[in-house]
Amino acid sequence: MSFDTSKLGEHWSSKYEIKKYIWGIEPSDVARKAFGIFKKHDFKTLLLACCGYGRNSKLFADNGMDVTGVDASQVGIELAKELDSKSNYVCASVLDMPFDGPFDAVFSLNALHLFPKHERARFIAECMGRLSKGGLGYFAVFSEHEPSYGNGPKLEENTWESLPGRPAHYYTDEDIKSEFADYEIVDTGIIEDHDMHADGPHTHMLRYVLARRR
Ligand SMILES: C[S@@+](CC[C@H](N)C(=O)[O-])C[C@H]1O[C@@H](n2cnc3c(N)ncnc32)[C@H](O)[C@@H]1O
């Protein structure tokens, strides 16, 4: 059974309208790690897929990268423009981005796991396909070590509606290897990400992958 992701932008807009900067305005631990890698490669151009309200684009843009953030939430994009005026933003679906690239790098946090299997393949192809040859994509997604793993109605293999209206796929190492098989997997593993929610601190056990376009 699949599920409809076409209303995810509206779903997140209503959350951002109520809570604004839900996870705080500081960049995530994962974005800091990815920035260190991109800096070593002297990468300049970055596609930030599902950029939300700009907490991570700000880190990359303040440190000299030329950032294009894409998100389906218009409210998220408006908040991002206030928080980080240096990045460029496009309100569009990551599954059908209205520009080409190429970019040196792609970064995406907590977004790829929101889609069913066939759309995850498209998400990855849309992002990795906009990299220059040798460019790197860094994706961080829910893993099977997330506290919410297995909660809620099951929708697909390792995919549950663990919050109402928010299905999520919980990535195993095998999933990463199979979904990124067209690319060179430079590194993958588990990374802790500490979020400061409005209702208290929260730790995600994410799976990351650093993949190179050949
Ligand atoms: C969990 S939030 C993560 C936001 C951001 N990456 C962060 O960590 O701050 C997921 C984001 O994905 C965006 N999103 C959902 N479906 C999308 C789509 N098809 N295209 C682009 N963005 C989408 C939502 O609007 C939301 O901002």
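Calculation rules
- Residues numbered from 1 in each chain as written.
- Predicted model: local features only at pLDDT ≥ 70, side-chain atom pairs only at ≥ 80, totals over all residues.
- Helix = DSSP H or I, 4+ residues; strand = E, 2+ residues; numbered from the N terminus.
- Rg over C-alpha atoms; globule rule 2.2 N^0.38 Å.
- Buried ≥ 20, exposed ≤ 12 C-beta atoms within 10 Å, placed from the backbone.
- Contact = placed C-beta atoms within 7 Å.
- Near = placed C-beta within 6 Å.
- Nonpolar A, V, L, I, M, F, W, Y, C, P; charged D, E, K, R; others polar.
- Pairing = 2+ DSSP bridges.
- Axes fitted to C-alpha atoms, helices over the stretch in contact; angles between N-to-C directions.
- Expected span 1.5 Å × (residues − 1).
- Arc of directions from axis to C-beta.
- Parallel < 35°, antiparallel > 145°, perpendicular 65-115°, else oblique.

Engineer: Is there a simple way to explain the overall build of the protein in this structure?
Structural biologist: Counting its regular elements, the protein contains six helices and 10 strands. Relative to its length of 214 residues, the protein is compact, with a C-alpha radius of gyration of 16 Å against a globular reference of 17 Å. Overall, the C-alpha framework of the protein stretches about 45 × 40 × 30 Å when taken along its three principal axes. Counting all 214 residues of the protein, 43% fall into the buried class. Taking contacts inside the protein between residues at least 6 apart in sequence as the whole, the part at least 24 apart equals 67%.

Engineer: Explain the site of the ligand here, please?
Structural biologist: Every one of the 21 residues lining the ligand counts as a neighbour, but Leu8, Trp12, Cys50, Gly52 and Ser73 are closest to it. Of all elements in the fold, only α1 (8-19), α3 (55-62) and β2 (66-71) reach the threshold of two or more residues within the shell around the ligand. Per-element tally for the shell around the ligand: the top contributor is α1, with three residues. Split by residue class, the shell around the ligand holds 11 nonpolar, eight polar and two charged.

Engineer: So what exactly am I meant to see when it comes to the sheet that holds strand β8 (residues 166-169) here?
Structural biologist: With antiparallel pairing, the three strands of this open sheet are ordered in space as β6-β7-β8. For this open sheet the edge positions go to β6 (154-156) and β8, each flanked by a neighbour on one side alone. Averaged over all adjacent pairs, the angle separating strand axes in this sheet is 40°, with direction ignored. Note: β6 against strand β7 (residues 159-163), two bridges, orientation antiparallel. Note on β7: the bridge partner recorded for lysine 154 is tryptophan 160.

Engineer: Could you clarify how one ought to interpret helix α4 (residues 74-83) in this entry?
Structural biologist: An α-helical turn contains 3.6 residues, so any two residues separated by three or four positions project in the same direction. Considered for burial, the residues of α4 that qualify are Val75, Gly76, Ile77, Leu79 and Ala80. Those residues of α4 that are buried are in contact with α1, α3, β2 and β3 (88-91).

Engineer: What is the right way to look at the environment of glycine 101 in this model?
Structural biologist: Topologically, glycine 101 is positioned in the loop between β3 and β4 (103-109). According to the C-beta neighbour criterion, glycine 101 is partly exposed, with 16 such atoms within 10 Å. Separated by 28 residues in the primary sequence, glycine 101 and glycine 129 have C-alpha atoms spaced 8.9 Å apart. When residues no more than four places from it in sequence are discounted, the contact partners of glycine 101 are Leu47, Arg130 and Leu131.

Engineer: What is the right way to read helix α2 (residues 29-40) from this model?
Structural biologist: Taking 1.5 Å per residue, 12 residues should reach 16 Å; α2 reaches 17 Å between its end C-alpha atoms and fits that length. When α2 is considered as a whole, its buried residues turn out to be Val30, Ala31, Ala34, Phe35 and Phe38. For α2, the angular spread of buried residues about the axis comes to 135°, placing them on one side. Within α2, the exposed residues directed more than 90 degrees away from the buried face are Arg32, Gly36 and Lys40. Two residues or fewer after α2 comes aspartate 42, characterised by a positive phi angle close to 55°.

Engineer: It is not clear to me how the pairing of β4 should be interpreted in this structure. Could you clarify?
Structural biologist: Remember that side chains alternate between the two faces of the sheet whenever the strand is regular. For β4, the tally of buried residues reaches seven of seven residues, placing the bulk of the element in the interior. Relative to strand β5 (residues 131-142), β4 runs parallel, the two sharing six bridges. If you follow valine 106 over to β5, its bridge partner there is glycine 137.

Engineer: Help me out: how do you make sense of the packing of α1 against α4 in this one?
Structural biologist: Helix-helix packing is characterised by the crossing angle of the two axes and by the distance between the axes. One way to put it is that α1 packs onto α4 with a least axis distance of 7 Å and a crossing angle of 45°. The orientation of α1 with respect to α4, classified from their angle, is oblique. Together, Trp12, Ser13, Tyr16 and Glu17 of α1 and Gln74, Val75, Gly76 and Leu79 of α4 make up the contact between the two elements. For the contact of α1 with α4, the residue count by class is four nonpolar, three polar and one charged.

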